[in-house]
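Fold and geometry: a report
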Amino acid sequence: MGTRDLLLIVLICRLAWAGSMESCAHRCEEKFNKAADCQCNHQCEQHKDCCEDYEQLCASQEESKKMEAEWEEKETAPASNVYLAPNSCHGRCQEAYDQHHPCHCNSKCQKFGNCCEDYDSLCANGEPLDGFSHSSDAITKEELLTISEKIYKADTNKAQKEDIVLNSQNHISSSETNDQVDRSPEPLYSYVNEELFSKPTYAAFINLLNNYHAATGQGEHFNSQQLAEQDTFLQEIMKTAVMKELYSFLHQKNRYSSKQEFVSDLKNMWFGLYTRGDDEGDSSGFEHVFSGEVKKRKEVSGFHNWIRFYLQEKEGLVNYYSHNYNGPWDSYPDVLGMQFNWNGSYKEVGTAFIGSSPEFEFALYSLCFISRPGKVCHLSLGGYPLAIQTYTWDKITYGNGKKYVATAYVVSPKE
Ligand SMILES: *[C@@H]1O[C@H](CO)[C@@H](O)[C@H](O)[C@H]1NC(C)=O
């Protein structure tokens, strides 16, 4: 082989090498690589040295993973010490591994030697997920998919396409959600057909929204009119096909023996007051999820409802910044993960259904809270997967040890 051949080979090798170092193919999340022309881990966005195909090959993967982790953290940072009993398997049997917990409750924990002390007594006999002893009463994964599709189809009160004009503007990556930068000069809602709000369940829902002090640490005191509004809301939603589907499913699963029992339990779990801040009875599941709260650190907590968002935006109290998730649905309800400012407090990632009826959200969150309390609950809407995370409030109970809703919100479905 002559010198020229050798040079040629070196040249070809260099070209091939350079080629592979200009692409993120097989390099997503690789550590900083000095030899490469461009980088493929999420820091590259900050350092502005990402390969051209980074966004396409790595960012979306990275984003969905990170978004999930962030939602866990944001909404549930107190999870391990407030919402759950972290040292016990109570209500956690067969739960997926969660690094935040000091001990674990699924069958692998025996192998790894990190089971909670009560794992054997509570879970080892193959106790069903939600603790129901008759296997016919346990709610399976498949049943959740079926009932959520039924509820989806039954939601005739939802917004039609022409009822809402959304202006979602800037889409950001999950690494930017903490920037607190207003990247969207226009409001999120360009138009909403407010005739929707005269439907009985919408009207009853909207009446409830101003019954709360947003600040945690400020006690709620309901007058008789406000208490009556809670009953009206429950009565109105119980007339809808959505709630009838849910009740008949839960009745069949032996969770409730009568409608009366069901409604009274819903009223307790959603409207019963507990203390999130310093003041006696400053919070409830309904207030947190639908009306929204503000923590002392000027952070928005909860606030997962599109009607509330629209009305507050119209009043000039909500400033929409951007979104980092847009669901796959091309009709309503859809799902957005949003960044916004609410009267001076920031929400880093707030998910909400868009264009759903109040009874639809109430039904799905209740379904998940009742069948998978404190866990991720996998549903199906129009053929697309959707996951809802709920948490129980564990400091006080009602009835015979029943839990209040601490929170419920949509998480990004696993892809
Ligand atoms: C906005 O926040 C301020 C405190 O920063 C509070 O005094 C005021 O009542 C809030 N306004 C509304 C309409 O919630």
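Above this text you will find the structure in question.
Quick summary incoming for the structure in this document. (Residues numbered from 1 in each chain as written. Predicted model: local features only at pLDDT ≥ 70, side-chain atom pairs only at ≥ 80, totals over all residues. Heavy atoms only, no water.)

Our next topic: the overall build of the protein. Secondary structure assignment for the protein yields 13 helices and 10 strands. Counting every position in the protein, which comprises 415 residues, the buried fraction comes to 51%. Here the contacts in the protein between residues at least 6 apart in sequence split such that 59% fall between residues at least 24 apart. Surface summary for the protein: the accessible area is close to 20,000 Å², and the carbon and sulfur share equals 51%. (Helix = DSSP H or I, 4+ residues; strand = E, 2+ residues; numbered from the N terminus. Buried < 20%, exposed > 50% of the residue type's maximum accessible area, 1.4 Å probe, protein only. Contact = heavy atoms within 4.5 Å. Areas by Shrake-Rupley, 256 points an atom, 1.4 Å probe, with all protein chains shown as cover.)

Time to look at the packing of helix α9 (residues 241-252) against helix α10 (residues 259-271). Across the interface, α9 lies against α10 with an axial gap of 11 Å and an inter-helix angle of 110 degrees. Taken together, the axis directions place α9 and α10 in an arrangement best described as roughly perpendicular. The residues of α10 that touch α9, namely those facing M243, K244, L246, Y247 and L250, are K259, F262 and L266. A class-by-class count of the residues in the contact of α9 with α10 yields six nonpolar, no polar and two charged. (Axes fitted to C-alpha atoms, helices over the stretch in contact; angles between N-to-C directions. Parallel < 35°, antiparallel > 145°, perpendicular 65-115°, else oblique. Nonpolar A, V, L, I, M, F, W, Y, C, P; charged D, E, K, R; others polar.)

Time to look at the nonpolar core. Judged by nonpolar contacts, the single largest core of 85 residues is most densely connected at F233, F262, W270, F286, W306 and F362. Ranked by the residues each element gives to this core, the list is headed by helix α13 (residues 358-371), at nine residues. Setting aside residues up to four positions removed in sequence, F362 forms contacts with F233, L234, I237, M243, L266, W270, F286 and F290. Membership of the second largest hydrophobic core comes to eight residues, among which are C93, C103, C105 and Y119. (Core = buried A, V, L, I, M, F, W, Y, C linked by side-chain atoms within 4.5 Å.)

So, about the packing of aromatic side chains. Scanning the model with the defined rule gives 32 aromatic pairs in all. The lysine or arginine in question, K158, covers the ring of Y152, its NZ or CZ lying 5.5 Å from the ring centre. (Phe/Tyr/Trp six-rings, centres within 6.5 Å; stacked < 30°, edge-to-face > 60°. Lys NZ or Arg CZ within 6 Å of the ring centre and 35° of its normal.)

All right, on to the environment of R27 then. Tracing the backbone shows R27 in the loop between α1 (3-20) and α2 (43-47). On a C-alpha basis, the gap between R27 and C40 in space is 6.2 Å, while along the polypeptide they are 13 residues apart.

Our focus in this paragraph is unusual backbone geometry. Residue P333 follows Y332 across a cis peptide bond; omega there is 0 degrees. The phi angle at Q180 is positive, at roughly 55 degrees, despite the residue not being glycine. Mapped onto the fold, Q180 is located in the loop between β1 (164-166) and β2 (189-192). Of the residues examined, Q180 reaches a relative accessible area of 45% and is grouped as partly exposed.

With that out of the way, let us pick up the site of the ligand. Taken together, K298, L317 and N343 are the residues near the ligand. N343 places a polar side-chain atom, nitrogen or oxygen, 2.3 Å from an oxygen atom of the ligand. Here the ligand, which alone exposes 360 Å², has 29% of that area covered by the protein. (Near = heavy atom within 4 Å. Polar contact = N/O pair within 3.5 Å; in protein donor to acceptor, adjacent residues only side chain to side chain.)

In this structure, M243 sits in helix α9. By relative accessible area, M243 is classed as buried at 0%. In this structure, the C-alpha to C-alpha distance between M243 and F360, residues 117 residues apart in sequence, is 7.9 Å. Once residues within four sequence positions are removed from consideration, M243 is found in contact with I237, M238, F262, L266, E359, F362 and A363.

Here we take up the sheet that holds strand β10 (residues 402-411). If you walk across this open sheet you meet the three strands as β8-β9-β10, and the pairing is antiparallel. Strands with a single pairing partner mark the edges of an open sheet, and in this sheet they are β8 (376-381) and β10. Ignoring which end each strand starts from, the neighbouring axes of this sheet average 30 degrees apart. As paired elements, β8 and strand β9 (residues 384-398) share six bridges and run antiparallel to each other. Paired with H378 across the two strands is A387, which belongs to β9. (Pairing = 2+ DSSP bridges.)

What follows covers the pairing of β9. What sits between β8 and β9 in their antiparallel hairpin is a turn of two residues, with G382 showing a positive phi close to 60 degrees. With nine bridges joining them, β9 and β10 adopt antiparallel strand pairing. Note that in β10 the partner of A387 across the bridge is V411. Joining the antiparallel neighbours β9 and β10 is a turn of three residues, in which G399 adopts a positive phi near 55 degrees.

The next point concerns the sheet that holds strand β7 (residues 345-354). Taken together, three strands build an open sheet; the order of strands is β5-β6-β7 and the sheet is antiparallel. Each edge of the open sheet carries a strand with a single partner, namely β5 (318-326) and β7. Recorded for the sheet is a direction-independent mean angle of 30 degrees between the axes of neighbouring strands. Inspection of the sheet shows strand β6 (residues 334-342) paired to β7 by eight bridges, in the antiparallel sense. Paired with W342 across the bridge in β7 is S345. Sheet strands touched by helix α12 (residues 306-314): β5, β6 and β7. Its angle to β5, the strand with the most contacts, is close to 145 degrees.

Considering all chains together, one arrives at six disulfides under this definition. Disulfide partner of C38: C51, at an S-S distance of 2.0 Å. The sign of the S-S torsion, about 95 degrees, decides the handedness of the disulfide formed by C38 and C51: right-handed. One end of the pair, C38, is in the loop between α1 and α2; the other, C51, is in the loop between α2 and α3 (54-76), and 13 residues separate them in sequence. (Disulfide = S-S within 2.5 Å.)

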